[in-house]
Amino acid sequence: MPERSIFIAGFDGYLGWPLTQHLLQCGHVVAGLDAMLRRDQVAELGACSAIPIASPQERMAALGEHFHQATDLRTGNMLDFATLRAFLEEFQPDTVVHLAEIPSAAWSMIDQAHSSFTQHNNVIGTLNLLWAMHEVCPEAHLVKLGTMGEYGTPAMPIPEGFFEPEFRGRRDRLPFPRQAGSFYHWSKVHDSNNTMFACRLWGLRSTDIMQGVVFGTGIDGQAEDPRLKTRLDFDQCFGTVVNRFCCQAVIGHPLTPYGEGGQKRGFLPLRDVMQCLSLVIDSPPEAGDYRVINQFDACYTVNEIASMVRQVAAGEGMEVDILPLENPRLESTYHEYQPDREKLSALGYRPSGSPRREIRLMLEDLSPYRERIEARAKLLLPDIRWDGQHRRLRALGREAAG
Ligand code: USQ
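Below: a short report on this structure.

What counts, and where the lines are drawn
Residues numbered from 1 in each chain as written. Predicted model: local features only at pLDDT ≥ 70, side-chain atom pairs only at ≥ 80, totals over all residues. Heavy atoms only, no water. Near = heavy atom within 4 Å. Polar contact = N/O pair within 3.5 Å; in protein donor to acceptor, adjacent residues only side chain to side chain. Helix = DSSP H or I, 4+ residues; strand = E, 2+ residues; numbered from the N terminus. Disulfide = S-S within 2.5 Å. Pairing = 2+ DSSP bridges. Right-handed = clockwise from strand over helix to strand, strands pointing away.

**Quick notes on the site of the ligand**
In step 1: The local shell around the ligand holds 22 residues, among which Pro103, Tyr184, Val241, Tyr258 and Glu331 are the closest.
In step 2: Between an oxygen atom of the ligand and a main-chain N or O atom of Gly149, the distance comes to 2.9 Å.
In step 3: Residue Arg329 places a side-chain N or O atom 2.9 Å away from an oxygen atom belonging to the ligand.
In step 4: Taken together, the elements giving at least two residues each to the shell around the ligand come down to α7 (183-202) and α8 (241-250).

In structure tokens:
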């Protein structure tokens, strides 16, 4: 495969940092932009990554030592259109991977400020990217990260993005109805609509990836250098469910399924995200094509995930209970979940292994940081509620305190 020029928006995040390394390993030339928002947002919660991460400067130095290609990774915000446009014009990517969005459902439900910050950042950032690509690199392939959560949990099979109904005697393609479950997830729906429209309007080409819940601490072929490690959050906003359960297990904290734990989601190990994104990058769609791909390995309920983590942890000598909590979210507990996953298989995706193997590797990687997690164990319990009651309770707490 010829080397590509790939621009990563959001190179410093959970997915972006390993993807930068993976694409360099594959021989591509990489540039990128990141506003470093995630570091501040996690700190604002009094949280931190369970696995310590290097500063941006240390990360750049590590890339210089481990890879022969020059990389151009800059701090900058997608909301600054002039900077984004100038960078793309200078770099002339043939692929743009867009990961530069606030990824947290719970964070977007804290209050008006967090909700509107999430939607403004995500929707306007993506809109800026679409305009910039249209103006300075219209041939490039936009690989945009959406979420399986855009679909919600409808009581019907979920195709990869489109209905193809008979419509007044001719076939037509209509986007599959979206029923997102948080202001964050809705921001992704709005992005999808804008991207679909830009493809139709300007002939941009895009793959919109409906990705499930990612888990894992490492990727294949990663050098043993602590500066190359990616972050692993465990707070209620930025920690995803498997990552949180693994952090809970290493400190002997009960695992916390929300509600009855029957919620089903598609899951995908971090190392498989690398494989899937590579496959997508290596087969761009035609100009004007807006391609939707569902990206996950397999579907499990939250209770199944909790049982798996408990069993694997027991095998590693860590006994841990499961303690269901009242669900702070508004979501269906028992529902159908039948998303298609044909396009990635057709592109050549082969899942890397069983989730149990990945969970065991995660427990090994996380064990040295037991004290770091223990010191912040209160972050393992959620208090942000979809019905907004946390705002009343926090206000009462502030009154009582002062
Ligand atoms: N959950 C628990 N216990 C916990 C944490 C979560 O039962 O301690 C449950 C939630 O109620 C939910 C499920 O686990 O039913 C998934 O929650 P999550 O926090 O792992 O994931 P979610 O909020 O849906 O968001 C994450 C990523 C987001 C991505 C999405 C994919 O943060 O960026 O878009 O997964 S998906 O879930 O398919 O929409």
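**What to know about the state of the cysteines**
In step 1: Considering all chains together, one arrives at zero disulfides under this definition.
In step 2: Cys237 carries a free sulfur, and the closest cysteine sulfur to it, the one in Cys48, is 14 Å from it.

**Thoughts on the pairing of strand β12 (residues 264-269)**
In step 1: Relative to β12, strand β11 (residues 213-215) is paired through three bridges, and the arrangement is parallel. Residue pairing in the sheet places Val213 in a bridge with Phe267 of β12.
In step 2: For the handedness criterion, the β-α-β arrangement of β11, α8 and β12 is classed as right-handed.
In step 3: Direction of pairing for β12 relative to strand β14 (residues 298-301): antiparallel, over a ladder of four bridges. Paired with Phe267 across the bridge in β14 is Ala298.

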